[in-house]
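Single-letter residue listing:
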Amino acid sequence: MQNKTNSTVRKVVIIDSHTAGEPTRVVIEGGPPLGKGTLAQRREKFQKKFDRFRSAVVNEPRGSDVYVGALLVEPTDQTCATGVIFFNNVGYLGMCGHGTIGVMATLAHLGKIEPGTHRIETPVGIVVATLLEDARVSVENIPSYRAHKDVLINVPDIGQIRGDIAWGGNWFFLCENHGQELGLNNVEHLVDFAWHIRQAVNEQGYPEVDHIELFSPSDSHSFVLCPGKAYDRSPCGTGTSAKLSCLAADGKLKEGEIWTQESIVGSKFEAKFRWEGEKIIPTITGIAFVNARSTLLLNEDDPFCWGIAH
């Protein structure tokens, strides 16, 4: 039965995939008119003029806090296969590792790319992604680095926590000595614990940090809290990049040596790096699976047309 309405229903064509368990929703038709300009300028226009579109695509009732959206746009650099602006339930991302792997799987599904190396333009720079013959994707990320080592944070109700602050396309506070069990059976507590750390990190002079990464001192097992308080089901591509920058800076990982990063759900990325001056260029390898193609219907008579924001 169709709703009786005089409103125009806007159609948005999306392709859903997941990378190591973390969903990516790629908008391939029906996105907002962002005009020309750099990807950073278009992301700013997206945020200022069309933010309700972001919410409609990834928030309930069509999505959930876990979804990362990817709006495909015309690149300014014509050597790139596409431009992309990543967003989530609360805002916008500079880069997204799992999302780039999802975008590559989507482009392959659409027949727009073949196995080989492709350039992807993001608001924080161009990344190089290689679609391998076995459908895995290797993403050479933007330059990553550790900005601060052994930062002491006073966290209310928890105590003092030490960690590093690093850039991998997004800003991370990475903590090893946290005393928490990193397991799915403990995930609700980990979300609350990491959220308290983020609030304290921001209040104590590092407001740019929007991801918290807890990792095991004995292996590569990790837990990543994303900006909108959802935890990353994948090992987190930008988080793995930030982790590599810390390992490299401490001399714990050699250039070209393989590091396997494991997520809280047990999925894995393979990673390595090369030096570029005082920064590193990380390469993250994983696989994404396309699991849906659908059309979102945005009807302004619907009181929740533009999503349920938190």
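Everything numeric in this text was worked out from a predicted model, so none of it was measured.

1. Observations regarding the overall build of the chain
Next, step 1: Counting its secondary structure elements, the chain contains five helices and 17 strands.
Next, step 2: Over its C-alpha trace the chain gives a radius of gyration of 19 Å, about what one expects of a compact globule, namely 19 Å for 310 residues.
Next, step 3: If you line up the chain on its principal axes, its C-alpha atoms span 60 × 45 × 35 Å.
Next, step 4: Counting all 310 residues of the chain, 55% fall into the buried class.
Next, step 5: A fraction of 63% describes how many contacts in the chain between residues 6 or more apart in sequence connect residues 24 or more apart.
Next, step 6: Surface accessibility of the chain: about 13,800 Å² in total, with carbon and sulfur atoms responsible for 47%.

2. Section: the pattern of salt bridges
When the charged atoms of two side chains with opposite charge come close together, those side chains can pair.
Next, step 1: Applying the stated rule across the entire model yields twelve salt bridges.
Next, step 2: Note that Glu44 and Lys48 form a salt bridge whose closest N and O atoms lie 2.8 Å from each other. With Glu44 and Lys48 both in helix α1 (residues 39–49) and four residues apart, this pair spans about one turn of that helix.
Next, step 3: Of the charged contacts in the structure, one is a salt bridge between Arg119 and Asp77, with a shortest N-O distance of 3.2 Å. Residue Arg119 is located in strand β6 (residues 116–122), and its partner Asp77 is located in the loop between β3 (68–73) and β4 (80–87); the two are separated by 42 residues in the primary sequence.
Next, step 4: The exposure class assigned to Arg119 is partly exposed, which follows from its relative accessible area of 31%.

3. Quick word on the sheet that holds strand β12 (residues 211–215)
Next, step 1: With mixed pairing, five strands are arranged side by side in an open sheet as β9-β10-β11-β12-β13. The two strands at the open ends of the sheet, each matched to only one other strand, are β9 (145–155) and β13 (222–225). Going from strand to strand, the sheet's axes swing by 25° on average, the running direction of each strand aside.
Next, step 2: The pairing of strand β10 (residues 159–167) with strand β11 (residues 171–175) spans four bridges and is classified as antiparallel. Bridging across to β11, Ile165 finds its partner in Phe173.
Next, step 3: Against the sheet, helix α5 (residues 237–249) contacts β9, β10, β11 and β12, and its axis sits at roughly 60° relative to β11.

4. Quick word on the pairing of β6
Next, step 1: Pairing of β4 with β6 involves three bridges; the strand directions are parallel. Considered in β6, the bridge of Cys80 is made with Arg119.
Next, step 2: Pairing between β6 and strand β7 (residues 125–131): seven bridges, direction antiparallel. The residue bridging Thr122 from the neighbouring strand is Gly125, located in β7.
Next, step 3: Counted along the chain from β6 to the antiparallel partner β7, the turn is two residues long.

5. Things to note about the packing of aromatic side chains
Pairs of aromatic rings are described using the distance from one ring centre to the other and the angle between the two planes.
Next, step 1: In the structure shown here, the tally under the stated rule is seven aromatic pairs.
Next, step 2: Ring geometry for Tyr145 and Trp171: centres 5.8 Å apart, planes at 90°, overall edge-to-face. Here the residue Tyr145 occupies a position in strand β9, and Trp171 occupies one in strand β11, the gap between them amounting to 26 residues.
Next, step 3: Of the residues examined, Trp171 reaches a relative accessible area of 17% and is grouped as buried.
Next, step 4: Arranged with centres 6.1 Å apart and planes meeting at 25°, the rings of Phe223 and Tyr231 form a pair that is stacked. Neither residue differs from the other here; Phe223 and Tyr231 are each classed as buried.
Next, step 5: Taken together, Phe46, Phe53, Phe87 and Tyr92 form an aromatic cluster joined through their ring pairs.
Next, step 6: A cation over an aromatic ring shows up here: Arg25 above the ring of Tyr67, its NZ or CZ 4.4 Å from the ring centre.

6. Examining unusual backbone geometry
Next, step 1: Cis rather than trans, the peptide bond between Glu60 and Pro61 has omega equal to 10°.
Next, step 2: Mapped onto the fold, Pro61 is located in the loop between α2 (51–58) and β3.
Next, step 3: For Asp150, which is not a glycine, the phi torsion comes out positive at approximately 55°.
Next, step 4: Along the polypeptide, Asp150 turns up in strand β9.
Next, step 5: Residue classification places Asp150 among the partly exposed residues on the basis of a relative accessible area of 43%.
Next, step 6: You will see that Cys236, though not glycine, has its phi angle at about 75°, which is positive.
Next, step 7: Relative to the elements of secondary structure, Cys236 occurs in the loop between β13 and α5.
Next, step 8: The class for Cys236 is buried, based on a relative accessible area of 4%.

What counts and what doesn't
- Residues numbered from 1 in each chain as written.
- Predicted model: local features only at pLDDT ≥ 70, side-chain atom pairs only at ≥ 80, totals over all residues.
- Heavy atoms only, no water.
- Helix = DSSP H or I, 4+ residues; strand = E, 2+ residues; numbered from the N terminus.
- Rg over C-alpha atoms; globule rule 2.2 N^0.38 Å.
- Buried < 20%, exposed > 50% of the residue type's maximum accessible area, 1.4 Å probe, protein only.
- Contact = heavy atoms within 4.5 Å.
- Areas by Shrake-Rupley, 256 points an atom, 1.4 Å probe, with all protein chains shown as cover.
- Salt bridge = Lys/Arg side-chain N within 4 Å of Asp/Glu carboxyl O.
- Pairing = 2+ DSSP bridges.
- Axes fitted to C-alpha atoms, helices over the stretch in contact; angles between N-to-C directions.
- Phe/Tyr/Trp six-rings, centres within 6.5 Å; stacked < 30°, edge-to-face > 60°.
- Lys NZ or Arg CZ within 6 Å of the ring centre and 35° of its normal.

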